[in-house]
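Structure assessment
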Amino acid sequence: NVGITQRQGAEFGLNGIWEKLNWYLNYSFVDATYQTTATINNALGPVNIKPGDRIPSIPQQTVKLGAEYEVLNGWFFGGDMQYVSSQYLRGDDSNQHSKVSEYAVVNLNTRYVLTKNVELFAMARNVFDAKYETYGIVNQNFFKAGQAEAFLGPGAPISGWGGVRVRFD
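In this report, the structure presented in the accompanying data block is examined. Not measured: the values here are computed from a predicted model. (Residues numbered from 1 in each chain as written. Predicted model: local features only at pLDDT ≥ 70, side-chain atom pairs only at ≥ 80, totals over all residues. Heavy atoms only, no water.)

**Notes on the packing of aromatic side chains**
- Following the criterion strictly, the structure yields 2 aromatic pairs and no others.
- Taking 5.8 Å as the distance between ring centres and 45° as the angle between the ring planes, the aromatic pair formed by Phe12 and Tyr27 counts as tilted. Residue Phe12 is located in strand S1 (residues 5–18), and its partner Tyr27 is located in strand S2 (residues 21–34); the two are separated by 15 residues in the primary sequence.
- Overall, the relative accessible area of 42% leaves Phe12 in the partly exposed class.
- A relative accessible area of 23% places Tyr27 in the partly exposed class.
- Look at Tyr103 and Tyr132: their rings are 4.5 Å apart centre to centre, the planes differ by 25°, and that puts the pair in the stacked class. (Phe/Tyr/Trp six-rings, centres within 6.5 Å; stacked < 30°, edge-to-face > 60°. Helix = DSSP H or I, 4+ residues; strand = E, 2+ residues; numbered from the N terminus. Buried < 20%, exposed > 50% of the residue type's maximum accessible area, 1.4 Å probe, protein only.)

Structure representation (structure tokens):
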């Protein structure tokens, strides 16, 4: 569609067990760019891209880390954190508009193993109720004389739930 693009990067993950602690760390770096000079058409009209412009909707860095600790025999408590760097809005192929902001979300969980096949669990997501967006698109706002405007997809607010997990062997 636009000639040559390039997606390069690195990803690594570590995980381990230390006594009663299970942990993990994952990191990814993606450098996604256009490698061609071209004019493309989108909702804003013709857009000129050049080599080195970042491909929209692809965050450059993502970090996920988490751990779970066995507090008492069969009772586990854990949490994780997810960080996503900023990204250009979909449709902003020439990288001229604002970005979807970076964000971090913290989650907590606990579980109690009743038997080999039954456990109780509870989890809380976005425990600090961070206000963030996970996606964005730049488009014309026809209520404002067709001006370019960012439309953002909100991230999930704080939430929690619990239940029973049953495994059938």
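**A few points about the pairing of strand S6 (residues 75–84)**
- Bridge count for strand S5 (residues 61–72) against S6 is 10 bridges, and the pairing is antiparallel. In the strand pairing of S6, Glu70 is matched with Phe76.
- Connecting S5 to the next strand, S6, in antiparallel fashion are 2 residues, including Gly74 with a positive phi near 90°.
- Note: S6 against strand S9 (residues 103–113), 10 bridges, orientation antiparallel. The residue bridging Met81 from the neighbouring strand is Val106, located in S9. (Pairing = 2+ DSSP bridges.)

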